[in-house]
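Understanding the architecture of this molecule
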Amino acid sequence: MQFIVIAYDGTDDQALERRLASREIHLEQAKEMFKSGKWLYAAGILDDGGKMVGSMIICDFPSRAELQEEWLNHEPYVIGDVWDRIEINRAQVPPFLMK
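- The protein carries the name YCII-related domain-containing protein in an unreviewed UniProt entry, which gives Eiseniibacteriota bacterium as its organism.
- In its Sequence similarities (unreviewed entry) section, UniProt records this for the protein: "Belongs to the YciI family."

**Describing a nonpolar patch on the surface**
- Together, Val78, Ile79 and Ile86 make up a nonpolar patch on the protein surface, roughly 250 Å² of accessible area in all.
- Along the chain, isoleucine 79 falls in helix 3 (residues 76-79).

**Focus on the pairing of strand 3 (residues 52-60)**
- Here seven bridges tie strand 1 (residues 2-9) to strand 3, and the two strands are oriented antiparallel to one another. In the sheet register, alanine 7 faces strand 3, and the bridge partner there is serine 55.
- Taken together, the seven bridges between strand 2 (residues 39-46) and strand 3 define a ladder with antiparallel strand orientation. Counted as the bridge partner of alanine 42 is isoleucine 57 from strand 3.
- Joining the antiparallel neighbours strand 2 and strand 3 is a turn of five residues, in which glycine 50 adopts a positive phi near 90°.

**Observations concerning the packing of aromatic side chains**
- Per the counting criterion, the structure on display carries five aromatic pairs.
- Taking 5.7 Å as the distance between ring centres and 85° as the angle between the ring planes, the aromatic pair formed by phenylalanine 34 and tryptophan 39 counts as edge-to-face.
- Residue phenylalanine 34 is classed as partly exposed on the basis of its relative accessible area of 28%.
- Looking at tryptophan 39, the relative accessible area reads 2%, which means it is buried.
- Look at tryptophan 71 and tryptophan 83: their rings are 6.4 Å apart centre to centre, the planes differ by 85°, and that puts the pair in the edge-to-face class.

**Side note on the nonpolar core**
- Within the largest apolar cluster, 15 residues are counted, with the highest numbers of intra-cluster contacts made by Trp39, Ile57, Cys59, Phe61, Leu67, Trp71 and Trp83.
- Listed by contribution, the elements that provide at least two residues to this core are strand 1, helix 1 (15-36) and strand 3.
- Among the elements that line this core, the one with the most residues is strand 1, at three residues.
- Dropping the residues within four chain positions of it, tryptophan 39 is found in contact with His26, Ala30, Met33, Phe34, Ile57, Ile58, Cys59, Trp71 and Glu75.

**A short note on the sheet that holds strand 4 (residues 83-91)**
- Taken together, the four strands give an open sheet; going across it, the order is 2-3-1-4, and neighbouring strands pair in antiparallel fashion. The open sheet terminates on both sides in strands that have one partner only, identified here as strand 2 and strand 4. Each strand axis lies, on average, 15° off the axis of its neighbour in the sheet, ignoring direction.
- Here helix 1 sits on the sheet in contact with strand 1, strand 2, strand 3 and strand 4, set at roughly 155° to strand 2.

Rules behind the numbers
- Residue indices begin from 1 for each chain and proceed along its sequence in written order.
- The predicted origin of the model limits local features to residues at a pLDDT of at least 70 and limits the giving and counting of side-chain atom pairs to 80 or more, whereas totals for whole chains, interfaces and linings rest on all residues.
- Only hydrogens and water are set aside; all other atoms, that is, all heavy atoms of the structure, feed into the side-chain values.
- UniProt positions are given in the numbering used here, feature names are shortened, and annotations may be inferred rather than shown by experiment.
- What goes into a patch is any residue over 30% in relative accessible area without a salt bridge, connected to like charges within 9 Å or, for nonpolar side chains (Val, Leu, Ile, Met, Phe, Trp, Tyr), within 5 Å.
- Using a 1.4 Å probe, the Shrake-Rupley method yields the accessible areas, and only the shown protein chains count as cover for residues.
- A side-chain nitrogen of Lys or Arg and a carboxyl oxygen of Asp or Glu constitute a salt bridge if their distance falls within 4 Å.
- Runs of E in the DSSP output that reach at least two residues are strands. Runs of H or I that reach at least four are helices, and both are numbered from the N terminus.
- For two strands to be treated as a pair, DSSP must find at least two bridges joining them.
- Side-chain rings of Phe, Tyr and Trp, where Trp is taken by its six-membered ring, are said to pair if the distance between their centres is within 6.5 Å; with planes under 30 degrees apart they count as stacked, over 60 as edge-to-face, and otherwise as tilted.
- The buried label applies to any residue whose accessible area, calculated with a 1.4 Å probe on protein chains only, is under 20% of its type's maximum; exposed applies above 50%, and partly exposed to all values in between.
- The definition of a nonpolar core used throughout is a set of buried Ala, Val, Leu, Ile, Met, Phe, Trp, Tyr and Cys residues joined through side-chain atoms within 4.5 Å.
- It only takes one pair of heavy atoms within 4.5 Å for two residues to be counted as in contact.
- A fitted line through C-alpha atoms serves as each axis, taken over the contacting stretch for helices, and the angle formed by two N-to-C directions is quoted from 0 to 180°.

What follows is the structure in structure tokens.
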């Protein structure tokens, strides 16, 4: 079951600082999620000035509960209070884009 996760960073003065502090461990976890096939695609969301203000991930988990348990409960950007708001929607990735 695929999902689109759109997560928006906080907008306070320390938001970018928190993102940068958690970035390396977030990227390490992202590599593992890609290797395991749980993340299919991801991108940073940029504002008009090119500053990162959020993230978008297309992922594949058996259920919404497993997405939460296997990933979001351990996500450095969640634990580090980087993401202020998270939207999760079911999605359908076309078969020809799947590995």
